[in-house]
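One letter stands for each residue in the lines below.
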Amino acid sequence: MALRLGDTAPDFTALSTEGELNFYQYIDGKWAVLFSHPADYTPVCTTELGAVARLKDAFEQRNTRVLALSVDPLDSHHGWVKDINETQQVTVNFPILADADKKVSSLYDMIHPNASETFTVRSVFIIGPDKRIKLILTYPASTGRNFQELLRVLESLQLTAEYSVATPANWEPGQDVVVAPAIATEDIPARFPKGHRVVKPYLRYTPQPNR
Ligand code: BEZ
């Protein structure tokens, strides 16, 4: 059955460009972003892996491990990484799973047969330190992902895991957030001492509490 938000992310052990990798050991109590690519030596994937290499520090700063997957074998990955480093002016600094037997992509339902029988689609799973799935995104092969958006979502997930707030449409870190419906308006001043404004009884804004 397909994985859903709140499910425990399945563990696996698989080959990667950084050696044999056990997923739970790799994430090591941190947040994780697991993302799949249709195939090695393809243009969009090449730019995506370059983009993630450039953002590796930003993910680290958010206590987050990144892990890529492609269904080609390891020797193909090693050759492709050289091309990525050369063309994207980066050093790929995170592991890429070599899922030639499609074990991990099947486990995470990354192959959508009506899109392609053989390629994985562009799946993204964000997994929390509790190993539960917090976000699932699915993009087609022809559309490269926006990894700045993944950082923004991580900020929202980490904020809302800690405080009874939610982040409104197009929210960017530092902007006001909305108070969770479970909090009574009379309780807001004690919970959110930076202030608040009530637009409707169900729409209450407060400054981002952890800034
Ligand atoms: C790409 O990564 O460029 C790509 C992969 C599969 C199909 C289309 C594009």
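Residues numbered from 1 in each chain as written. Predicted model: local features only at pLDDT ≥ 70, side-chain atom pairs only at ≥ 80, totals over all residues. Heavy atoms only, no water.

A. Here's a closer look at the overall build of the protein chain. Looking only at helices and strands, one finds 7 helices and 11 strands in the protein chain. Seen through its principal axes, the protein chain has C-alpha atoms that stretch 60 × 40 × 30 Å. The buried share of the protein chain, taken over its 211 residues, is 46%. Nonlocal contacts in the protein chain, meaning residues at least 24 apart in sequence, comprise 65% of its contacts between residues at least 6 apart. Counting every atom, the protein chain has about 10500 Å² of accessible surface; 50% of that belongs to carbon and sulfur. Of note, the protein chain has its 21 positive side-chain charges centred 7 Å away from the centre of its 25 negative side-chain charges. (Helix = DSSP H or I, 4+ residues; strand = E, 2+ residues; numbered from the N terminus. Buried < 20%, exposed > 50% of the residue type's maximum accessible area, 1.4 Å probe, protein only. Contact = heavy atoms within 4.5 Å. Areas by Shrake-Rupley, 256 points an atom, 1.4 Å probe, with all protein chains shown as cover. Lys, Arg positive; Asp, Glu negative; His and termini not counted. Charge placed at Lys NZ, Arg CZ, Asp CG, Glu CD.)

B. Here's a closer look at the site of the ligand. Taken together, Pro 38, Thr 42, Pro 43, Val 44, Cys 45, Arg 122 and Ala 141 make up the full set of residues adjacent to the ligand. Contact distances for the ligand include 2.6 Å between an oxygen atom and a backbone N or O atom of Val 44. One of the backbone N or O atoms of Cys 45 is found 3.0 Å from an oxygen atom in the ligand. Protein chains bury 77% of the 260 Å² of accessible surface belonging to the ligand in isolation. At 3 residues, helix 2 (residues 43-54) tops the list of elements feeding residues into the shell around the ligand. A class-by-class count of the residues in the shell around the ligand yields 5 nonpolar, 1 polar and 1 charged. (Near = heavy atom within 4 Å. Polar contact = N/O pair within 3.5 Å; in protein donor to acceptor, adjacent residues only side chain to side chain. Nonpolar A, V, L, I, M, F, W, Y, C, P; charged D, E, K, R; others polar.)

C. Main features of the nonpolar core. By size, the foremost hydrophobic cluster in this structure holds 29 residues, and its most contacted members are Val 33, Phe 35, Leu 49, Phe 94 and Ile 126. Elements represented by at least two residues in this core include exactly strand 3 (31-37), helix 2, helix 3 (56-61), strand 4 (64-70), helix 4 (74-88), strand 6 (122-127) and helix 6 (147-162). Ranked by residues supplied to this core, first place goes to helix 6 with 6 residues. When residues no more than four places from it in sequence are discounted, the contact partners of Phe 94 are Thr 17, Glu 18, Phe 35, Leu 49, Val 52, Ala 53, Lys 56, Val 66 and Ala 68. Membership of the second largest hydrophobic core comes to 20 residues, among which are Phe 23, Ile 27, Ala 32 and Tyr 108. (Core = buried A, V, L, I, M, F, W, Y, C linked by side-chain atoms within 4.5 Å.)

D. Focus on the sheet that holds strand 9 (residues 177-179). Spatial strand order, 8-9-11-10: 4 strands in an open sheet with antiparallel pairing. Lying at the two open borders of the sheet, with one neighbouring strand each, are strand 8 (165-166) and strand 10 (197-200). (Pairing = 2+ DSSP bridges.)

E. Inspection of helix 6 at higher detail. Between its first and last C-alpha atoms helix 6 spans 23 Å; for 16 residues at 1.5 Å apiece the expected length is 22 Å, and the two agree. All of the buried residues along helix 6 are Phe 147, Leu 150, Leu 151, Arg 152, Val 153, Leu 154, Glu 155, Ser 156, Leu 157 and Leu 159. Two or three places before Gln 148, at the opening of helix 6, Asn 146 has a side-chain oxygen 3.0 Å from that residue's backbone nitrogen. (Expected span 1.5 Å × (residues − 1).)

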